[in-house]
Amino acid sequence: MDDNRKAILRDGIPFALMNCSQLITLGGVNRPRVGAEMRELAIIPDGAMLVRGSRIEAVGSRKEIEAVLTSDAQIVDAEGRVVTPGFVDAHTHLVFAGNRADEFELRCSGITYQEIARQGGGILSTVRRTRAATEDELLAIAQKHASWFLRGGTTTIEAKSGYGLSVEAEMKILRVVRETAKTTPLRCVPTFLGAHEVPEEFLGRTDAYVDLVMKEMLPRVAEQKLASYCDVFCEPHIFDQQAAGRILEAARELSLGLRVHADQFSCSGGAMLAASLGAATADHLEHTDAASIAALAAAHVQPVLLPGSVYSIGSKHYPPARTMIDAGLAVVLATDFNPGSSPVASMPVVLSLACTQMKMTPAETITAATINAAWSLNLGGEVGSIEPGKSADFVIHEANDYREIPYFLGTQRPAMVFARGERIA
């Protein structure tokens, strides 16, 4: 699309997207999809849609959309490609300084992720760099990361703090998330993750750090409206079930939604805690058990599965996605984009890993990365499907069949990406 066409679309003149081999609408029930519903993509062959301003006005077959076209409408030709909703990445760590390519090399030589952390690397190494960076420097980094997501077809993300671990540094990160949403087309849902790790100055004094999170960080986050959710890394060697529960209950008192890093390295009660508190999501779940899965299903907590982090740290212990789907859980897939355990911003790569390593079908992965992810962020009425009234966030893929998106690992790229009715990639 040339610059003149982009300017016309920004001016709010309606346009019709035509000639889609498969328009993957994911239209249907007004809730997350479970069980067999996750395979029902509501595909319109030779589909089309009408967009006016930032909203989808009509969806249907080519003939149906041609019948309602106005004389001033422009045409965007999908050229026989597949069109899906923009991906919704419901677990990312958008803002951090530096990277950990050195630790990647160490893992390649056989040193484990946990051993590197015990030697002073891991999360705390990124905390040191992020604390030292200015807000402007972090914003430039976050804007670069946002461009990676957008080029890959992701138009909405959840963005966590957690690499500050002090009052001022955590607020700095959340302000950068807010500014990234204002200065890029990427929709960002902010999550406070002050309980990501115990900082060096509090080593051996976890209870004191928990008090700092509860009594100083959380009130400032709520007062300044810097986050929609609070997350906690619940593991025995970091924040055990009791400490994590205290933080999450304090967050709930401040009207923040709840998310939990649960059962990543051990089945230690993280998923059970998420279920008992009615959290929006329990994330990771690589080591969760049948009882925890049943508790999540009973409490309608959505599991957010992160195969990119399992792959990146060299583990083979993927979460039991098939068991979760069979149990009626509304599974979500996300990248866990971060500098240590998952330097992956590509949702198509995550879909491929979910298919090959967790035996999800291609249709299930697309549902998990769009409409189910949107509902996990309380955005199911706004994004995640191609339906009239929703934000015009969609991707024209270099594919003729939706199964090609996870099939061509590392090569499948969007031809065009639209967010709020504007072409942005």
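Residues numbered from 1 in each chain as written. Predicted model: local features only at pLDDT ≥ 70, side-chain atom pairs only at ≥ 80, totals over all residues. Heavy atoms only, no water.

With respect to the nonpolar core
Part 1: Core analysis: the biggest nonpolar cluster contains 103 residues, and Phe192, Phe239, Ile247, Leu296, Leu333 and Met360 have the highest contact counts within it.
Part 2: Other than its neighbours up to four places away in sequence, Phe239 contacts Ala195, His196, Glu197, Val198, Thr206, Tyr209, Val210, Val232, Phe233, Cys234, Ala244 and Ile247.
Part 3: The next biggest cluster of nonpolar side chains, apart from the first, holds 17 residues, and it includes Leu17, Ile44, Ala392 and Phe394. (Core = buried A, V, L, I, M, F, W, Y, C linked by side-chain atoms within 4.5 Å. Buried < 20%, exposed > 50% of the residue type's maximum accessible area, 1.4 Å probe, protein only. Contact = heavy atoms within 4.5 Å.)

A short note on the pairing of strand β2 (residues 43–52)
Part 1: Both strand β1 (residues 15–24) and β2 contribute to a ladder of seven bridges, which runs antiparallel. Bridge pairing links Leu23 to Ile44 in β2.
Part 2: Strand direction decides the pairing type here: β2 and strand β3 (residues 55–61), joined by six bridges, are antiparallel. Residue pairing in the sheet places Met49 in a bridge with Val59 of β3.
Part 3: Linking β2 to β3, which pair antiparallel, is a turn of two residues; within it Gly53 sits at a positive phi near 65°. (Pairing = 2+ DSSP bridges. Helix = DSSP H or I, 4+ residues; strand = E, 2+ residues; numbered from the N terminus.)

With respect to the sheet that holds strand β7 (residues 187–195)
Part 1: The parallel open sheet is built from eight strands, whose spatial order is β5-β6-β7-β8-β9-β10-β11-β12. For this open sheet the edge positions go to β5 (87–92) and β12 (332–333), each flanked by a neighbour on one side alone.
Part 2: Note that β5 and strand β6 (residues 154–160) share four bridges and pair parallel. From the neighbouring strand, Thr92 faces β6, where its bridge partner is Ala159.
Part 3: Contacts between helix α9 (residues 241–253) and the sheet are confined to β7, β8 (229–234) and β9 (257–262), with β8 contributing the most and set at about 180° to the helix. (Axes fitted to C-alpha atoms, helices over the stretch in contact; angles between N-to-C directions.)

Thoughts on the sheet that holds β3
Part 1: Across the sheet, which stays open at both edges, the seven strands sit in the order β3-β2-β1-β4-β13-β14-β15 with mixed pairing between neighbours. Edge strands, defined here as strands with exactly one partner in the open sheet, are β3 and β15 (422–423).

Notes on the confidence of the model for the protein chain
Close reading of the predicted structure is inappropriate where its pLDDT is low.
Part 1: For the protein chain, per-residue confidence averages 95 on the pLDDT scale, and residues scoring 70 or more make up 97% of the total.
Part 2: Considering only residues more than four positions removed or in separate chains, one finds that residues 1–8, a stretch of pLDDT under 50, has eleven contacts. (pLDDT = per-residue confidence, 0-100.)

Thoughts on the packing of aromatic side chains
Note on aromatic pairs: each is described by the distance of the centres and the angle between the planes.
Part 1: Counted by the stated rule, this structure contains eleven aromatic pairs.
Part 2: Where Phe96 meets Tyr163, the ring centres are 6.2 Å apart and the plane angle is 75°; that geometry is what we call edge-to-face. Of the two residues, Phe96 sits in the loop between β5 and α3 (101–108) while Tyr163 sits in the loop between β6 and α7 (167–183), which places them 67 residues apart along the sequence.
Part 3: Residue classification places Tyr163 among the buried positions, given a relative accessible area of 1%.
Part 4: Plain terms: the ring middles of Phe96 and Phe337 are 5.6 Å apart, the flat faces sit at 45° to each other, and that makes the pair tilted. Residue Phe96 is found in the loop between β5 and α3, and its partner Phe337 is found in the loop between β12 and α14 (347–358); the two are separated by 241 residues along the sequence. One exposure class covers both Phe96 and Phe337, and it is buried. (Phe/Tyr/Trp six-rings, centres within 6.5 Å; stacked < 30°, edge-to-face > 60°.)

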